[in-house]
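The lines below spell out each chain.
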Amino acid sequence: MLREGLKTLEEFSLADLEAVRIALRGDSVIDWHRLNFKDEGEVREFIISQEFQPDEPSDRGRMDAIKGEAISYLRRHLEYPIPKPVEQASVEELFSLAGGRGHRQTCACTILKCMHIIHHLDGRELLFMLPMSDQEIFHLVEEKVYRVIGSMLAEGFPITEFIGGRKNKDSLYTKLLSKRESVSAQIFDKLRFRIVVREKSDIFPVIQYLQKKLFPFNYVVPGQSINSIFDFKRYCQQNPHLAEFLPEMQAGADEDYTPSDNVFTAQNYRVIHFVVDIPVRLQRKLLERTPSSAWALGPVVFVISEFQVIDRETEAANEQGEASHAKYKDRQRKAVIRRLQLGMREMKVKGGAPKRERDDTLPPPSRRMGRRESGPPRSNG
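Conventions adopted
- Every chain's residues receive numbers from 1 upward, in the order its sequence appears when written.
- In keeping with the model being predicted, local features are shown solely for residues with a pLDDT of at least 70 and side-chain atom pairs are shown and tallied solely at 80 or more, while totals for entire chains, interfaces and linings include all residues.
- Excluded from the side-chain calculation are hydrogens and water; included are all heavy atoms of the structure.
- Every case where a carboxyl oxygen of Asp or Glu lies within 4 Å of a side-chain nitrogen of Lys or Arg is listed as a salt bridge.
- Only DSSP runs of H or I reaching four residues or more are called helices, and only runs of E reaching two or more are called strands; each is numbered from the N terminus.
- Burial classes follow relative accessibility: with a 1.4 Å probe on protein chains only, a residue under 20% of its type's maximum area counts as buried, one over 50% as exposed, and anything between as partly exposed.
- Helix axes are fitted only over the stretch in contact, all axes being lines through C-alpha atoms; the angle between N-to-C directions runs from 0 to 180 degrees.
- What sets the label is the angle itself: under 35 degrees gives roughly parallel, over 145 gives roughly antiparallel, 65 to 115 gives roughly perpendicular, and the rest give oblique.
- Residue contacts follow a heavy-atom distance rule, with two residues in contact if any of their heavy atoms lie within 4.5 Å.
- Strand pairing follows a simple DSSP-based rule, namely that at least 2 bridges must link the two strands.

Draft legend 1. Layout of the pattern of salt bridges. For the structure on display, the rule yields 16 salt bridges. Residue Glu 87 pairs with Arg 75 through a salt bridge whose shortest N-O separation is 2.9 Å. Linking Glu 87 in helix α4 (residues 84-87) with Arg 75 in helix α3 (residues 57-78), this pair joins segments that are 12 residues apart in sequence. Given a relative accessible area of 22%, Glu 87 falls into the partly exposed group. The salt bridge involving Glu 199 is made with Arg 312; its shortest N-O contact spans 3.8 Å. Here the residue Glu 199 occupies a position in the loop between β2 (191-197) and α9 (203-213), and Arg 312 occupies one in helix α13 (residues 312-318), the gap between them amounting to 113 residues. In this structure, a network of salt bridges that share partners links the residues Lys 7, Asp 16, Glu 45 and Lys 212.

Draft legend 2. Geometry of the packing of helix α1 (residues 14-25) against α9. Look at α1 against α9: their axes get within 9 Å of each other, and the N-to-C directions meet at 95°. Here α9 runs roughly perpendicular to α1, going by the angle between their axes. In this structure, α1 uses Asp 16, Leu 17, Ala 19, Val 20, Ile 22, Ala 23 and Leu 24 to contact α9, whose residues at the interface are Phe 204, Ile 207, Gln 208, Gln 211 and Lys 212.

Draft legend 3. Broad picture of the pairing of strand β5 (residues 300-311). Counted residue by residue, β5 has 11 buried out of 12 residues, so it is predominantly covered. Direction of pairing for β2 relative to β5: parallel, over a ladder of 6 bridges. Directly across from Phe 193, in β5, lies its bridge partner Phe 307. Both strand β4 (residues 272-281) and β5 contribute to a ladder of 10 bridges, which runs antiparallel. Note on β5: the bridge partner recorded for Asp 277 is Ile 304.

Draft legend 4. Spatial organisation of the pairing of strand β1 (residues 159-166). Most of β1 is tucked away: 7 of the 8 residues are buried. Two strands pair when backbone bridges link them, and β1 and β2 are joined in this way by 7 bridges, in the antiparallel orientation. Bridge pairing in β2 links Gly 164 to Phe 193.

Draft legend 5. The environment of Lys 212, seen in detail. With respect to the helices and strands, Lys 212 occurs in helix α9. Relative accessible area serves as the criterion here: at 17%, Lys 212 is assigned to the buried category. Sequence separation of Lys 212 and Gln 50 is 162 residues, and the distance between their C-alpha atoms is 9.5 Å. Among residues more than four places away in sequence, those in contact with Lys 212 are Asp 16, Glu 42, Glu 45 and Ser 49.

Draft legend 6. Up close: unusual backbone geometry. With a phi close to 75°, Glu 51 is a non-glycine residue in the positive phi region. Here Glu 51 is to be found in the loop between α2 (40-49) and α3. Judged by relative accessible area, which is 17%, Glu 51 ranks as buried. Located in the positive-phi region is Glu 79, a residue other than glycine, with phi close to 50°. Position of Glu 79 among the secondary structure elements: in the loop between α3 and α4. Look at Glu 79 and you get exposed, because its relative accessible area is 70%.

No statement about biological role is implied by the geometric values presented.
So, in structure tokens, the structure goes:
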């Protein structure tokens, strides 16, 4: 490898490629039928990405408790038969079984899917029990993101610009006013990050690295991805190593792209956009501020964040003509004014507003890393 930790496409495993695809497509791991980790190292990396420390007794106990609850649910509610060797397997052994064949493989996958849901629900419940504001929670996420991105920049990864920011109130108001059916809980980009890489060929490796170090692929939010850069199947066919994996891919047929349904986005706008629920491990002093009923939920919370990954050539092209940020915001503002002034009268004429849309812009950056090597500065807000 040219840079420690960043894989070339020729070093990708099947698990790596499937993880990147789930970010591009916005699928759900619940629909998968197998895992494809090739060795214990990949399994350990995945467990650590969930913010577990498998060598710590308390974390081992927490992982076993989640496994026990998953098995109990399957038997209690679904009357699902589980062989004794699968029930007695460690979490790491479940991952190995999930990559095998036969009934035990199916059982292991089923247990792991339930564990994924239980861990997520417990983390969400813990988040609501924390005596902390959204802004304090966002700060914890930003610390994690900046730490990972900062190390990538220090190691010479092909990142030309990084922008992190929080959606300001005016942007929140505008977004909610521009949508026919919307509540604030449906806004996924209150906290968002944009990463600009040198070349298109750098996008897959950078996303793969982020999934190892920052957010595990199983917490990509389904149905919230945009891929208007890659024809995934054709791109993989052009690389002999990746092409070998295509017959083994799961989760349905590959569409050419995963398009945006945001009516304000220009047709020639290109981006990789996905939403993740980032796991954040809380320090003990924060956990001690929660009610005692929260202590059994573990030390991990989840926080929704939006990511955009784009190459610098595409970024520069997006700043031209109708695809520019200024044009986008102008279309959005005009729609809000029309809706506020005319309301249902205009909707009856035009056949109604879209059910949901996705903002493809970023707010004024709260922190920048790297440098812009081409293209004019983006006007955010």
